[in-house]
Amino acid sequence: MTDIEIGRAKRARRVYAFDDIAIVPSRRTRDPQDVSVNWSIDAYHFSIPFLAAPMDSIVSPATAILMGKLGGLGVLDLEGLWTRYENPEPLLDEIRSLPASEGIRRMQQIYAEPIKPELVISRLAEIRASGVTVAAALSPQRTQQLYKTVVEAGVDLFVIRGTTVSAEHVSKNQEPLNLKKFIYELDVPVIVGGAAGYTPALHLMRTGAAGVLVGFGGGAASSTRAALGIHAPMATAVADVAGARRDYMDESGGRYVHVIADGGLGTSGDIAKAFSVGADAVMLGSTLARATEAPGGGWHWGAEAHHSEFPRGDRVKVGSVAPLEQILYGPSTVADGTVNLVGALRRSLATTGYSDLKEFQRVEVVVAPYHKPRRE
């Protein structure tokens, strides 16, 4: 790839966001009902390749159960309100009603409440009792502290999710998490990320991770780009990590690590493009925060918004659009790509002639920057 000269002392490569690329139809088409959007990771099988992001505005025990019954996977944030408070509903009501000028400070106070191991156990038990796949997430900083409680409670899939996660974290102040040792000792599949490029993703794959989350600072509720100047345009990031998956398969003798796009997926078109450049599944935030059952009640925020020292996220008004089942399966009464996400993905595969998601990764894409029309 040809570098671009920024100045005499710095060159950079051109990279692409989902808005910069387009999927191209082929000579063949199919009926949308004839294509498969199934996804499997390790021993777990799902009828849709969608994970609900571990964010308090999206996933409660109840919505994790609902997401599972609808064929996807809801990931519970074990550092969220449900593991800090016996009854978080009054706090959710308060967060929804906070004025912008007080939002971050008050959220920092609310999330300063300690995590209670007994609530971790009871919340996971509630999800398990429903019969759906149990998935939970911790940040790398909390994993060493709480993973024994999580193992005791029982999870099917464990997610280590941070703004960025590396296999080679260096710290002078504390012993960093040894990902390879941890994953080896933890007897469940582990999904880890975010990673934003080929080399960090390849290193994460070598730890034994079953899946790698791709993304950095690209979500609707993230202000990381403004706060740190760091951002990974998602089309290139996913394609780079898919390249790491290919090379790791050769290196490991055929071990397949799933690439999960996490961020920049505001519409069904973005979701389709994520698969077109190599994703196996997608982790959804704002698209599912619009569900009427979502705990955020039309608001969306992540852990970055209430970081105790350096907040780099916003509490975003996304509105309540439709019930979760309708957002996933339709029917849609809007034309903006926010409802009937599964139907749209099926139609993208059908229009380009592919029968499943693995085949769809081979679809032709072109660089065609798209400037969204302004709505008056």
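Residues numbered from 1 in each chain as written. Predicted model: local features only at pLDDT ≥ 70, side-chain atom pairs only at ≥ 80, totals over all residues. Heavy atoms only, no water.

A. Layout of the packing of aromatic side chains. Scanning the model with the defined rule gives four aromatic pairs in all. With centroids separated by 6.1 Å and ring planes inclined at 70 degrees, the aromatic side chains of Tyr-354 and Phe-360 adopt a geometry described as edge-to-face. You'll find Tyr-354 and Phe-360 in the same group, each marked buried. Linked through ring pairs, Tyr-147, Phe-158 and Phe-182 together constitute an aromatic cluster. Above the ring of Trp-299, the side-chain terminus of Arg-315 is found at 4.6 Å from the ring centroid. (Phe/Tyr/Trp six-rings, centres within 6.5 Å; stacked < 30°, edge-to-face > 60°. Buried < 20%, exposed > 50% of the residue type's maximum accessible area, 1.4 Å probe, protein only. Lys NZ or Arg CZ within 6 Å of the ring centre and 35° of its normal.)

B. Main features of the environment of Glu-304. Along the chain, the position of Glu-304 falls in the loop between strand S14 (299–300) and strand S15 (316–317). Residues Glu-304 and Arg-28 lie 276 residues apart in sequence; the distance between their C-alpha atoms is 44 Å. (Helix = DSSP H or I, 4+ residues; strand = E, 2+ residues; numbered from the N terminus.)

C. Region of interest: the sheet that holds strand S11 (residues 211–214). In space, the eight strands of this closed barrel follow the order S6-S7-S8-S9-S10-S11-S12-S13, with parallel pairing throughout. Within the sheet, the average angular offset between the axes of one strand and its neighbour, ignoring direction, is 25 degrees. Sheet topology note: the strand S10 (residues 190–195)/S11 ladder contains three bridges and is parallel. Each residue of the ladder has a partner; that of Val-192, found in S11, is Val-212. Running at roughly 140 degrees to strand S8 (residues 135–138), helix H5 (residues 140–153) makes contact with S8 and strand S9 (157–161) of the sheet. (Pairing = 2+ DSSP bridges. Axes fitted to C-alpha atoms, helices over the stretch in contact; angles between N-to-C directions. Contact = heavy atoms within 4.5 Å.)

D. Main features of the pairing of S9. Of all five residues that make up S9, four are buried, and the element is covered over most of its length. Where S8 meets S9, four bridges bridge the pair, whose relative direction is parallel. Among the inter-strand pairings, Ala-137 is bridged to a residue of S9, identified as Val-159. For the crossover that starts at S8, traverses H5 and ends in the parallel S9, the hand is right-handed. Across four bridges, S9 lies against S10 in parallel orientation. (Right-handed = clockwise from strand over helix to strand, strands pointing away.)

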